[in-house]
Protein chains: 2
Amino acid sequence: MTGVDIGGVSCPVPLTDSERIQLGHGSGGKMSAALLRERFLPHLGNPYLGQLGDGAVLPLADREIVVSTDTFVVHPLEFPGGDIGLLAVHGTLNDVAMMGARPLYLTAGFVLEEGLPLDTLDRVVRSMAGAAREAGVPLVTGDTKVVERGKADGLFVNTTGIGLLEPGPHPAPDQARPGDLILVSGAIGRHGMAIMAAREGLAFESSIESDTACLVPLVERLKERCGPGLVTLRDPTRGGVASALNEIAQASGAGMRLDESSLLVPGNVAAACEMLGLDPLYVANEGVLVAIVRPELGDAALAALRGHPLGRDAVLLGQVVKDHPGYVVLDTAIGGTRVVDMLPGDQLPRIC
Amino acid sequence: MTGVDIGGVSCPVPLTDSERIQLGHGSGGKMSAALLRERFLPHLGNPYLGQLGDGAVLPLADREIVVSTDTFVVHPLEFPGGDIGLLAVHGTLNDVAMMGARPLYLTAGFVLEEGLPLDTLDRVVRSMAGAAREAGVPLVTGDTKVVERGKADGLFVNTTGIGLLEPGPHPAPDQARPGDLILVSGAIGRHGMAIMAAREGLAFESSIESDTACLVPLVERLKERCGPGLVTLRDPTRGGVASALNEIAQASGAGMRLDESSLLVPGNVAAACEMLGLDPLYVANEGVLVAIVRPELGDAALAALRGHPLGRDAVLLGQVVKDHPGYVVLDTAIGGTRVVDMLPGDQLPRIC
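Residues numbered from 1 in each chain as written. Chains lettered and ligands numbered in written order. Predicted model: local features only at pLDDT ≥ 70, side-chain atom pairs only at ≥ 80, totals over all residues. Heavy atoms only, no water.

Visitor: With reference to specific residues and values, describe the overall build of chain A.
Guide: Tallying secondary structure elements over chain A gives eight helices and 16 strands in all. Relative to the 2.2 N^0.38 estimate, which gives 20 Å for 352 residues, the radius of gyration of chain A is 21 Å and therefore close to what a compact globule would have. Dimensions of chain A, computed from C-alpha atoms along their principal axes, come out at roughly 70 × 55 × 45 Å. Scored against the burial criterion, the 352 residues of chain A give a buried share of 60%. Taken as a whole, chain A presents about 13200 Å² of accessible surface, with 52% of it coming from carbon and sulfur. If you average the places of the 27 positive and of the 42 negative side-chain charges in chain A, the two averages end up 3 Å apart. (Helix = DSSP H or I, 4+ residues; strand = E, 2+ residues; numbered from the N terminus. Rg over C-alpha atoms; globule rule 2.2 N^0.38 Å. Buried < 20%, exposed > 50% of the residue type's maximum accessible area, 1.4 Å probe, protein only. Areas by Shrake-Rupley, 256 points an atom, 1.4 Å probe, with all protein chains shown as cover. Lys, Arg positive; Asp, Glu negative; His and termini not counted. Charge placed at Lys NZ, Arg CZ, Asp CG, Glu CD.)

Below is the structure:
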């Protein structure tokens, strides 16, 4: 406790906001990055954690594995297109796949709030089971904790995924170089706006459904088609496509030039974003991937994506460039250009 | 929502307690077991999850790994002898070690409540870093989520541990057979009572400190000394020694006979338990292990344990017997006998 000693009486001084956790620390934007850099890495730093991806590549016996962990706190627990269980399986499988590994195993750790209807738990568990079965990845061990009413929000669930890396080069954020092409596997903004609409009780002409999906089949197609020419993979969740590309730009030291007119935003998502003053580039996706491939592989990669239902709306969004290293620049549909920066903080809390 | 249709008006009926999560579901006792059996396994069942240990043994390439996951929700976050960070590292390392594996990697997933003082987070992260460093196990990847004030309780943290199994037989709960000896590595009841005392503001003559510790060195000593004669290992956390032994009795189908007079309970723990009407056999430990060894290895195992500071108070607590299969029976210090059953539910919520 911060305190001031006044005439022998210790008087507590309220902590300022800068000394406390704020919602923006969970946004996946600049504040999250600062929290990680200032509060976690100085104590926990090691070469694996320093990879700073959505997971870590680890040697194990004579192989390499990938491990990724994510806690899901989405609110509400159920939303059009999915629920927290579906998201928890898809999200972690996708993170493992984005590191170039084939997911093999999942774990689950639940925090349940006293009073949670068992029916809700059943639906969530069934969602997880269905998603795990569909992906062919068993949930191998778990843990359940219960906290008193008012000490959590229904349920939170952590999933950790383990995958095996085939020998050879793997996609990584620092591999992008000028000339490489930037692909996006589908229309953007659906998950974040589905959550916003469900949370705020907004009714749009057509209800927006989350795009939550297991991206493993898309990744397998890209790996098969592009081999080592598949340079970088990322699922643009918290912080959206803009944040994912900024992270890649920073990791690789390359610039990125995007073409806004090639970006696909569903009509209902665009309308909802406009109403709420949000930029779809920053809105979370849970069933979309960003792939960077060597220049000669653009057509092959697009064809590979479009050959699968999850990738049928895949587009070429832009190119890695020599200019403005570390920055992402967008050619807008109306003929201008603007820098697409990292978000500072708190656009949409608790979307995953 | 449960509802009744009355004259065309749908009238919500309050859910009864049996349709909702209760604190006892998180106790590690009978209610936890029922929740797992009724709500998780029917949907998620697979041979790995069916192992029902504190982790799973998994094939990976041509090796076997062990994975264990645990979410920590202990309240208060800091207590005499440790904090949630120390516990989160020790607890998961211990679970991996109890499966007979050498822990190699840890992940961490945080849920932070808006308003948490960053100083508190710093202390917790430093604790985790120190414990991981001491154990020589790097924390390789992590995740941080933030929820609004009042939607969590300071911080929760999930840790998942990955370990490598050496080829050969491994300790497992179903391996115990009549004649085997039951050892306990130290005095019991300290963690649970330290938490109770801190939470309730109870002051005892001497403050009770949690025993939280990394048990990997004890396990390595036992493995070295006993080889395949080390039959079963368990860390008696939630539900205490009584619940751990009941689980082993049920898994192995063997009976167990314990000698109360050999049990070591620190004086302050015994006093606190008596005051609160608790049985130390059911109180959580975080730095104690239960080992079952073949009859001829009792002395060697005791010596191995006592040769390390964490095991200097190790005792022979009892024996696996042919009688009363699946049940644990205690010869009391006053000359009687009683069945030591699983707890139904909610002795001490949120102790880990």
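Let us keep going from here.
Visitor: Which residues make up the sheet that holds strand β9 (residues 155–165) of chain B, and what values do they have?
Guide: Residues and elements named next belong to chain B. Read from one edge of the open sheet, five strands run β3-β4-β9-β7-β8, paired in mixed fashion. Across the chains shown, the open sheet's two edge strands, defined by having one partner strand only, are β3 (56–60) and β8 (139–147). Each strand of the sheet is rotated relative to its neighbour by a mean of 20 degrees, with strand direction disregarded. As paired strands, strand β4 (residues 63–72) and β9 are joined by nine bridges and run antiparallel to one another. For T69, the partnering residue across the bridge sits in β9 and is T160. (Pairing = 2+ DSSP bridges. Axes fitted to C-alpha atoms, helices over the stretch in contact; angles between N-to-C directions.)

Visitor: Residue-level account of the interface of chain A and chain B, with values.
Guide: At the junction of the two partners, chain A supplies 77 residues and chain B supplies 77 residues. Contact between chain A and chain B buries roughly 6900 Å² in total, counting both sides, with carbon and sulfur atoms accounting for 66%. Here chain A and chain B share eight salt bridges between them. Residue R238 of chain B pairs with D143 of chain A through a salt bridge whose shortest N-O separation is 3.2 Å. Of all the elements in the fold, those that place two or more residues in the side of chain A that touches chain B are α1 (30–44), β3 (56–60), β4 (63–72), β7 (102–113), α3 (118–135), β8 (139–147) and β9 (155–165) of chain A. Of the residues that constitute the side of chain A that touches chain B, the class distribution is 39 nonpolar, 19 polar and 19 charged. (Contact = heavy atoms within 4.5 Å. Buried area = accessible area lost by both parts, 1.4 Å probe. Salt bridge = Lys/Arg side-chain N within 4 Å of Asp/Glu carboxyl O. Nonpolar A, V, L, I, M, F, W, Y, C, P; charged D, E, K, R; others polar.)

Visitor: Break down the sheet that holds strand β14 (residues 315–321) of chain A for me, citing the residues and quoting the values.
Guide: Residues and elements named next belong to chain A. Here we have seven strands laid out as an open sheet, ordered β11-β13-β10-β14-β12-β15-β16, and mixed in their pairing. The outermost strands of the open sheet, each flanked by one partner alone, are β11 (230–234) and β16 (337–339). The average angle at which neighbouring strand axes cross in this sheet is 25 degrees, direction not considered. Pairing analysis gives four bridges linking strand β12 (residues 255–259) to strand β15 (residues 328–331), with the strands arranged parallel. In the strand pairing of β15, M256 is matched with V328. Where helix α5 (residues 216–226) meets the sheet, its contacts fall on β11 and β13 (290–293), and the angle it forms with β11 comes to roughly 170 degrees.

Visitor: Before we move on, could you go through the confidence of the model for chain A and cite the residues and values that matter?
Guide: Residues and elements named next belong to chain A. For chain A, mean pLDDT is 90; residues scoring 70 or higher make up 93% of the total. Throughout residues 1–11 the model reports pLDDT below 50, and contacts reaching past four residues in sequence, or to other chains, amount to 13 contacts. Here the complex is predicted with pTM 0.91, and the ipTM for its interfaces comes to 0.91. (pLDDT = per-residue confidence, 0-100.)

Visitor: So what's going on with the relation of the copies chain A and chain B? Which residues, and what values?
Guide: Least-squares fitting of chain A to chain B yields an RMSD of 0.0 Å, with the superposition described by an axial translation of 0.0 Å and a rotation of 180 degrees. On the angle and the small slide along the axis, the relation comes out as a two-fold axis. It is A152 of chain A whose C-alpha, among those of chain A, lies nearest the rotation axis, at 2.1 Å. Taken as a fraction of all interface residues of chain A, those also at the interface in chain B reach 100%, which identifies the copy contact as same-surface. (Least-squares fit on C-alpha atoms with pLDDT ≥ 70 in both.)

Visitor: Account for the pairing of β13 of chain A, naming residues and giving values.
Guide: Successive side chains on a regular strand alternate, one facing one side of the sheet and the next facing the other. All names here are of chain A. The two faces of β13 match: V290 and I292 on one face and A291 and V293 on the other face are all buried. Note: strand β10 (residues 181–184) against β13, four bridges, orientation antiparallel. Bridge pairing in β13 links L183 to A291.

Visitor: Outline the pairing of β8 of chain A, supporting the account with residue identities and numerical values.
Guide: Residue and element names in this part refer to chain A. In terms of residue burial, β8 counts as a mostly covered element, since eight of its nine residues are buried. Where β7 meets β8, eight bridges bridge the pair, whose relative direction is parallel. Its bridge partner being in β8, T107 is matched across the sheet by T141. Once the chain exits β7 it traverses α3 before rejoining the sheet at β8, and the crossover so formed is right-handed. (Right-handed = clockwise from strand over helix to strand, strands pointing away.)

Visitor: How would you summarise the pattern of salt bridges if you had to cite specific residues and measurements?
Guide: Counted under the stated rule, the structure contains 26 salt bridges over all chains. R350 of chain B serves as the salt-bridge partner of D153 of chain B, at 3.0 Å between the closest nitrogen and oxygen. With D153 of chain B in the loop between β8 and β9 and R350 of chain B in the segment after β16 (337–339), this residue pair connects regions lying 197 residues apart in the sequence. Overall, R350 of chain B belongs to the buried group, its relative accessible area being 4%. Linked through salt bridges whose partners overlap, the residues forming this network are D70 and R238 of chain A together with D143 and K145 of chain B.

Visitor: With reference to specific residues and values, describe the packing of aromatic side chains.
Guide: Under the defined criterion, the tally for this structure stands at five aromatic pairs over all chains. When the centroid spacing of 5.6 Å and the interplanar angle of 85 degrees are considered together, the rings of Y105 of chain A and Y48 of chain B count as edge-to-face. Of the two residues, Y105 of chain A is situated in strand β7 and Y48 of chain B in the loop between α1 (30–44) and β3; the pairing between them involves two chains. The ring centre of F72 of chain A lies 5.2 Å from the NZ or CZ of K145 of chain B, which sits over that ring. (Phe/Tyr/Trp six-rings, centres within 6.5 Å; stacked < 30°, edge-to-face > 60°. Lys NZ or Arg CZ within 6 Å of the ring centre and 35° of its normal.)

Visitor: For the packing of helix α4 (residues 190–200) of chain A against helix α7 (residues 267–276) of chain A, give the residues involved together with the corresponding values.
Guide: Residues and elements named next belong to chain A. The N-to-C vectors of α4 and α7 enclose an angle of 60 degrees; their axes lie 10 Å apart at closest approach. Judged by the inter-axis angle, α4 sits oblique to α7. Crossing handedness for the pair α4 and α7: left-handed. Residues R190, M193 and M196 of α4 form the contact with α7, whose participating residues are V269, A272, C273 and L276. Classifying every residue of the contact of α4 with α7 by side-chain character gives six nonpolar, no polar and one charged. (Parallel < 35°, antiparallel > 145°, perpendicular 65-115°, else oblique. Left-handed = near helix turned anticlockwise from the far one by under 90°.)

Visitor: Explain unusual backbone geometry residue by residue, including any values.
Guide: Residue and element names in this part refer to chain A. The omega torsion across H75 and P76 is 0 degrees, close enough to zero to call that bond cis. Residue placement: P76 occurs in the loop between β4 and β5 (78–79). Positive phi, normally seen in glycine, also occurs at R350, with a value near 55 degrees.

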